[in-house]
Structures are given as C-alpha cells and as structure tokens.
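The primary structure of each chain is shown beneath.
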Amino acid sequence: MLANGEIVKVNGKEAVEGVLLGSVKQVDVEKRKMTMVGTSETVDRDGDVVVTNGGKLDNYRKNPVFLWAHEYHSVPLARAEKIVRRRDPMRMEFNLIYPTRGLHPFADMILELYGEKMINASSIGFIPNEWEEIKQEGEQKPNTRSFWSPRKFLDWELLELSGCAVPANPDALQDALK
C-alpha cells in the first residue's frame with residue numbers, strides 16, 4: 001500500500017510490502033555502493049517467513065530498483081547490480097549502486113544515512129504466488145499483530161527492494177563495513 005492508501009496491484013495481484021527486513025552488509029559512500037541483505041528465512045514480526053529459493057527474480061532483474069519505503073511512484077534511489085542467494089543462514093543479498101553524487105540529492109542523503117548507520121534496514125516488496133499458513137502452537141486464533149494468519153511464502157515474485165527505518169524482519173540490519 002502506498003502512503004496515500006492506494007493498494008499496489010501487478011497483473012491483478014496485490015503486492016505485499018514491508019514483510020521482511022533486510023540488513024546492510026557494506027557501505028562505501030565514496031564509491032556509491034552498498035551490499036544489502038534484502039531478505040532471510042527468519043520469522044518476521046508478523047510471524048511470516050519468505051523462502052529465499054522461492055523468489056522469482058527474472059522481472060526484477062529487468063528493472064532492479066532500490067526505492068525508499070515502497071514508494072512505487074517515486075524515482076529509484078539506486079539499482080541492484082547483482083543479487084546473490086547465500087546459505088547459512090539462507091538469505092538474499094543485493095549489491096546496490098547509487099547514481100552520481102548530486103544527480104539525485106535524496107538518494108545522496110539516504111546513502112549518507114546508511115553510511116552513518118542512522119538507517120540500517122530494508123524490506124522487499126513482492127507478489128505471493130504460493131504459500132502455506134504457519135500453525136501457531138498453543139494458540140486458537142491467528143497472530144493478532146497481522147491482518148492474516150502467519151504465512152510461509154513458498155513461491156513469490158520480487159518487485160522491489162526498499163530502504164526503510166523499521167522493517168518487519170529483524171535480520172535485515174546493517175553490519176559493520178568489512
């Protein structure tokens with residue numbers, strides 16, 4: 001959902017956003033590059049899990065945008081040069097490149113804030129294609145923090161990666177620059 005309350009639909013399917021939290025692995029403000037963990041297979045704050053290997057990336061690779069806060073109508077902050085699926089723990093990493101300094105002042109500010117570790121998180125926006133409900137042990141009702149029962153997303157299409165201040169997945173936080 002956009003800030004104005006508009007529901008984002010792609011090919012008639014509602015997009016899910018802000019479900020998972022990513023984390024920054026490296027930031028190089030001078031080279032205008034950042035490596036971000038976009039998602040991992042941990043339970044997020046809504047009780048959901050996204051299976052990393054279930055992600056369909058073909059369409060995303062044609063338009064590999066990094067947005068701010070799932071603003072689908074905005075100008076991208078950066079683009080993903082490379083996406084890598086990693087194991088132990090299962091995660092999806094994005095190598096991002098920002099535009100030339102001064103070309104996009106808001107992108108410059110966001111990159112600097114990541115560099116200062118004032119912002120540390122990200123979130124993926126995706127279309128769920130297949131999922132199963134996660135049974136909650138000892139509870140009769142669904143997770144009350146979410147408007148649906150917790151789900152394990154088995155097959156999904158990545159739409160975008162967004163920077164954000166507070167993500168749903170607690171594993172998407174910035175690590176120290178290596």
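Residue numbers here run from 1 along each chain, matching the order of that chain's written sequence. Selection of residues for local features in this predicted model requires a pLDDT of at least 70, selection of side-chain atom pairs for listing and counting requires 80 or more, and totals for whole chains, interfaces and linings are taken over all residues. Side-chain measures here rest on the full set of heavy atoms in the structure, leaving out hydrogens and waters.

Turning next to the overall build of the chain. Working definition: helices are DSSP H or I runs of at least four residues, strands are E runs of at least two. Numbering for both runs from the N terminus. Tallying secondary structure elements over the chain gives two helices and eleven strands in all. For the chain, the succession of helices and strands along the chain, N to C, is β-β-β-β-β-β-α-β-β-β-α-β-β. Each residue's exposure class comes from its accessible area (1.4 Å probe, protein chains only) as a fraction of the maximum for that residue type: buried when under 20%, exposed when over 50%, partly exposed otherwise. Taken across its 178 residues, the chain has 49% of its residues classed as buried. Contact definition: two residues touch when any of their heavy atoms are within 4.5 Å. Long-range pairs, those at least 24 residues apart, make up 72% of the contacts in the chain with a sequence separation of at least 6. Working definition of accessibility: Shrake-Rupley area with a 1.4 Å probe, residue cover restricted to the visible protein chains. Accessible surface, the chain: about 9500 Å² in total, of which carbon and sulfur atoms supply 51%.

Moving on, we come to the packing of aromatic side chains. Two aromatic rings are characterised by how far apart their centres lie and by the angle between their planes. Whether two aromatic rings pair depends on their centres lying within 6.5 Å, for rings of Phe, Tyr and Trp, where Trp uses its six-membered ring; planes under 30 degrees apart make the pair stacked, over 60 edge-to-face, and the rest tilted. Across all of its chains, the model carries six aromatic pairs by this definition. Seen from their ring centres, Phe 66 and Tyr 98 are 6.3 Å apart, and the 75° between their planes marks the pair as edge-to-face. Taken together, the residues Phe 66 in strand E7 (residues 65-68) and Tyr 98 in the loop between strand E9 (91-97) and helix H2 (105-115) connect sequence positions 32 residues apart. Tyr 98 matches Phe 66 in its accessibility class, with the two residues each being buried.

Turning our attention to the side chain of Ser 162. Looking at the secondary structure, you find Ser 162 in strand E11 (residues 151-164). Any pair of nitrogen or oxygen atoms within 3.5 Å is treated as a polar contact; in protein, a donor-acceptor pairing is required on top of that, and neighbouring residues in sequence qualify only through side-chain atoms on both sides. A polar atom in the side chain of Ser 162 sits 2.6 Å from the side chain of Glu 160. If near-sequence neighbours (up to four positions away) are discounted, Ser 162 is found in contact with Phe 66, Leu 67, Trp 68, Ala 69, His 70, Ser 122 and Ser 123.

Another aspect to go through is the pairing of E7. If DSSP finds at least two bridges between two strands, the strands pair. Bridge count for E7 against strand E8 (residues 78-86) is two bridges, and the pairing is antiparallel. The residue of E8 that forms the bridge with Val 65 is Arg 79. The pairing of E7 with E11 spans three bridges and is parallel. Among the inter-strand pairings, Phe 66 is bridged to a residue of E11, identified as Leu 161.

The definition of a nonpolar core used throughout is a set of buried Ala, Val, Leu, Ile, Met, Phe, Trp, Tyr and Cys residues joined through side-chain atoms within 4.5 Å. Within the largest apolar cluster, 28 residues are counted, with the highest numbers of intra-cluster contacts made by Met 34, Phe 66, Phe 94, Leu 96, Tyr 98 and Tyr 114. Those elements giving two or more residues to this core turn out to be strand E3 (16-28), strand E4 (33-40), E8, E9, H2, strand E10 (121-133) and E11. Residues contacting Phe 94, with those up to four places away along its chain left out, are Met 34, Thr 35, Met 36, Gly 38, Tyr 60, Ala 80, Lys 82, Ile 83, Leu 158 and Leu 161.

Any Lys or Arg side-chain nitrogen located within 4 Å of an Asp or Glu carboxyl oxygen qualifies as a salt bridge. Scanning the entire structure with this criterion turns up seven salt bridges. A salt bridge links Arg 91 to Glu 93; its shortest N-O distance comes to 3.0 Å. Linking Arg 101 and Glu 112 is a salt bridge whose minimum nitrogen-to-oxygen distance equals 3.3 Å. One end of the pair, Arg 101, is in the loop between E9 and H2; the other, Glu 112, is in helix H2, with eleven residues separating them in the sequence. What emerges from the salt-bridge pattern is a single network uniting Glu 30, Arg 101 and Glu 112.

Attention shifts here to the layout of surface pockets. Cavity: a set of points on a 1 Å grid over the protein atoms alone where a 1.4 Å probe fits but cannot get out. Pocket: an open set with protein on both sides within 12 Å along at least five of seven lines, its lining residues, like those of a cavity, having an atom within 4 Å of a point. Grid points are joined across faces, edges and corners, and a volume is the space filled by probe spheres set on the points. Taken as a whole, the second largest pocket holds about 200 Å³ of empty space. Taken together, 13 residues make up the lining of the second largest pocket; nearest its centre are Asn 63, Val 65, Tyr 72, Leu 159 and Glu 160. For the lining of the second largest pocket, the elements supplying multiple residues, two or more each, are helix H1 (58-62), E7 and E11. Of the residues assigned to the lining of the second largest pocket, the class counts are eight nonpolar, three polar and two charged. Under the scheme applied, nonpolar residues are Ala, Val, Leu, Ile, Met, Phe, Trp, Tyr, Cys and Pro; charged residues are Asp, Glu, Lys and Arg; polar residues are all the others, including Gly.

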